[in-house]
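Understanding the architecture of this molecule
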Amino acid sequence: MSQTAFLPHLHAFRAFAILSIVGAHAWSFLIFWTGDLDSLSMKVLFYTTETLFHGSTLYFTFISGLLFNLLLSQKSWSQFFKGKALNVFLPYALLSLVMTVYLTTRFPPASPFSLLTTYLHNLAAGSAAIQYWYMPVLFFLFSITPLLKAIQLRLPGLFWVLILLPLCISRSPFPDFLKLQTFFYFAGAYAAGMQLGQYYQQTMSWVDRYKFILLASAAILTSMLFALYWYNDTESSLFSMRQSLVYLQKVVITVLVLRYFQLYETRLPNWLTLVGSAAFAIYFLHVEFIALMIELLSEFIQQNRTADVLAVLGLVNWSIALIGSVLLALIIKKLIGRHARKLIGF
């Protein structure tokens, strides 16, 4: 594999992405798996964490598109798809099987054929675990990469239309994650990542030139997002102002964080590289640790369910989910060596 794949600042951005994704779940699951937004302070806590972390899956999408043009476009299409099949689809399929079997032990199927049909449905719909919804979207993005690359090279105007598409068509809201509009939304984000990868150094120079404007833009977009939550903006079926702002916010934050990590590449802590390398494994595993923590603390939470308590427990959730996922991934890797990547993506 090319050395580009191991540029420390890109691995650090993978770490930033998964830290944000786990952050999106650490507090929201804690709040809604134990109750509701039943006080003003609880709403402030939820709106704040959602403003910061909701939509962080976009970071994964951006980096996937970016890395394709920085690295994977040098490979043949057969190498590209073989790599995705072995290192992304295979661990997803195996872990979906594990989760399906685990759930059927708790909720036995009605017939001997139910396990197989449930597994195949979970595989297609990303429903073996709540965070797996993104995997069918990611495989769709991989499948259209040759088409997107052709459009980028031959029809640059149309490619920019695709990049701007998420401002007009939003991802579908919970619980129906996989409506058609979601695929368009993330295809636009993937195209944005590809464009960033195609003009990476030029973009980083542009960030240097306009960094104060970009920082101000990130602050303004974040404030606008919080205001939409506060004034109870509802998400419609096809277009959501909130999701458009999330897209813009994540684009601006992406280029700022990438440039920061690039400038301080030699000073990045080793743990960021480790977390970045284990990002897929953390993605696959972290919700189980969050669920375990909530279950173990359920009685305490019910007796002490205030925004202050959940704010602290959310931080504990976040830390345990990250540390537990990394430790489990390291143990599996120690036991089975290089084949661990095919099992857990690490």
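Preceding this section is the structure that the text describes.
To start, this report covers the structure provided alongside it. (Residues numbered from 1 in each chain as written. Predicted model: local features only at pLDDT ≥ 70, side-chain atom pairs only at ≥ 80, totals over all residues. Heavy atoms only, no water.)

Another aspect to go through is the overall build of the protein. What the protein contains, in helices and strands, is 17 helices and zero strands. Computed over its C-alpha atoms, the radius of gyration of the protein comes to 20 Å, within 12% of the 20 Å expected for a compact globule of 346 residues. Across its three principal directions, the C-alpha atoms of the protein cover 55 × 45 × 45 Å. Counting every position in the protein, which comprises 346 residues, the buried fraction comes to 50%. Taking as baseline every contact in the protein between residues at least 6 positions apart, the subset at least 24 positions apart corresponds to 79%. Carbon together with sulfur atoms contributes 68% to the accessible area of the protein, which is approximately 16800 Å² in total. Computed over 22 positive and 12 negative side-chain charges, the inter-centroid distance for the protein is 19 Å. (Helix = DSSP H or I, 4+ residues; strand = E, 2+ residues; numbered from the N terminus. Rg over C-alpha atoms; globule rule 2.2 N^0.38 Å. Buried < 20%, exposed > 50% of the residue type's maximum accessible area, 1.4 Å probe, protein only. Contact = heavy atoms within 4.5 Å. Areas by Shrake-Rupley, 256 points an atom, 1.4 Å probe, with all protein chains shown as cover. Lys, Arg positive; Asp, Glu negative; His and termini not counted. Charge placed at Lys NZ, Arg CZ, Asp CG, Glu CD.)

This part covers helix α2 (residues 40-53). The end-to-end C-alpha distance of α2 is 20 Å, a good match for the 20 Å that 14 residues give at a rise of 1.5 Å each. Among all positions in α2, only M42, L45, F46, Y47, T49, E50, T51 and F53 are buried. Residues of α2 that are buried sit in contact with α1 (8-32), α11 (211-230), α12 (241-263) and α16 (307-336). The first or second residue beyond α2 is G55, which carries a positive phi of 85°. (Expected span 1.5 Å × (residues − 1).)

Counted according to the given criterion, the structure contains 41 aromatic pairs. The ring centre of Y229 lies 4.3 Å from the NZ or CZ of R242, which sits over that ring. Above the face of the F346 ring, K333 is positioned so that its terminal group lies 4.3 Å from the ring centre. (Phe/Tyr/Trp six-rings, centres within 6.5 Å; stacked < 30°, edge-to-face > 60°. Lys NZ or Arg CZ within 6 Å of the ring centre and 35° of its normal.)

Tracing the sequence through the fold places S20 in helix α1. The class for S20 is buried, based on a relative accessible area of 6%. Ignoring anything within four residues of it in the chain, the contact list for S20 reads F53, S56 and Y59.

By themselves these figures say nothing about function.
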